[in-house]
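This is what each chain is made of:
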Amino acid sequence: MRIIAGSAKGKKIKCRDGFDTRPTTDRVKESLFSMIAPYISEAKVLDLFSGTGNIALEAISRGASRAVMIELEKDALRVIIENVNNLGFEGQCRAYKNETLRALTILGKKREKFDIIFLDPPYKDNVCTKVIEKIAETGILAENGLIIAEHHIMEDMEETIAEFKKADERRYGKKELSFYTR
């Protein structure tokens, strides 16, 4: 895995060996960032189920001002922190070990706001809708913000979830990206 564009273009991102980490492929990542390019500059990004930090790190490389990464697994968190340090993004990134719904509650209590929220939970969990509902409940999405859910094609994502409407959906093999806005 590598950073595709921006200030860290071509630099490698480490991934855990022997674990069920499913990093977003370069093809999907390139397509995603082409679609959201107008949102990236100076954006505050929240990367849920962060895995390697791949999406948040790509966003920082492309001009996002800040990224927060949430990951439950301690070994994955170590990899994220190592990737942040190797890329020199320590001043712009924070990584936290926490369960996603709990982390969203904490971020809401702190009155945090994010321009882009990306979530890529384990496909078997089918939790995208629940997480998006929690995002609405906590009020952490900025007024003109964007939620992007990467999920298996078998996970049915409704046209409307809480106060958010599906703006777009793209399929890549057995995965889909669903985009939600207010």
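Up top you'll find the structure we're talking about.
Scanning the entire structure with this criterion turns up 14 salt bridges. In this structure, glutamate 163 engages arginine 182 in a salt bridge whose closest nitrogen and oxygen atoms are separated by 3.0 Å. One end of the pair, glutamate 163, is in the loop between strand S6 (160–161) and strand S7 (164–172); the other, arginine 182, is in the segment after strand S8 (175–181), with 19 residues separating them in the sequence. The class for arginine 182 is partly exposed, based on a relative accessible area of 37%.

A word on the side chain of aspartate 47. Secondary-structure assignment places aspartate 47 in strand S1 (residues 44–48). Lysine 29 provides the closest opposite charge to the buried, salt-bridge-free aspartate 47, at an N-O distance of 9.9 Å. From its side chain, aspartate 47 meets the backbone nitrogen of alanine 56 in a polar contact 3.3 Å long. Those residues in contact with aspartate 47 that lie beyond four places of it in its chain are Gly53, Ile55, Ala56, Val68, Met69, Ile70 and Phe118.

With that settled, consider the sheet that holds S6. Either a parallel or an antiparallel arrangement is found when strands of a sheet pair, and the pairing is made through backbone hydrogen bonds. Sheet architecture is open: 8 strands sit in the order S3-S2-S1-S4-S5-S8-S7-S6, paired in mixed fashion. Strands with a single pairing partner mark the edges of an open sheet, and in this sheet they are strand S3 (93–97) and S6. Bridge count between strand S5 (residues 141–152) and S8: 6 bridges; the pairing is antiparallel. Looking across to S8, one finds that glutamate 150 is bridged to leucine 177. Seen against the sheet, helix H5 (residues 128–138) touches S1, strand S4 (114–119), S5, S6, S7 and S8 and runs at an angle of roughly 170° to S5.

Packed helices, taken two at a time, are described by the angle their axes make and the gap between the axes. Two numbers describe how helix H4 (residues 100–109) lies on H5: the axes approach to 9 Å, and their chain directions differ by 15°. What the angle tells us is that H4 and H5 run roughly parallel. Here H4 runs over H5; the crossing is right-handed. For the pair H4 and H5, the contacting residues are Thr100, Leu101, Leu104, Thr105 and Gly108 in the first and Lys130, Val131, Lys134, Ile135 and Thr138 in the second. The residue makeup of the contact of H4 with H5, split by class, is 4 nonpolar, 4 polar and 2 charged.

Reading the values: the criteria
Residues numbered from 1 in each chain as written. Predicted model: local features only at pLDDT ≥ 70, side-chain atom pairs only at ≥ 80, totals over all residues. Heavy atoms only, no water. Salt bridge = Lys/Arg side-chain N within 4 Å of Asp/Glu carboxyl O. Helix = DSSP H or I, 4+ residues; strand = E, 2+ residues; numbered from the N terminus. Buried < 20%, exposed > 50% of the residue type's maximum accessible area, 1.4 Å probe, protein only. Lys, Arg positive; Asp, Glu negative; His and termini not counted. Polar contact = N/O pair within 3.5 Å; in protein donor to acceptor, adjacent residues only side chain to side chain. Contact = heavy atoms within 4.5 Å. Pairing = 2+ DSSP bridges. Axes fitted to C-alpha atoms, helices over the stretch in contact; angles between N-to-C directions. Parallel < 35°, antiparallel > 145°, perpendicular 65-115°, else oblique. Left-handed = near helix turned anticlockwise from the far one by under 90°. Nonpolar A, V, L, I, M, F, W, Y, C, P; charged D, E, K, R; others polar.

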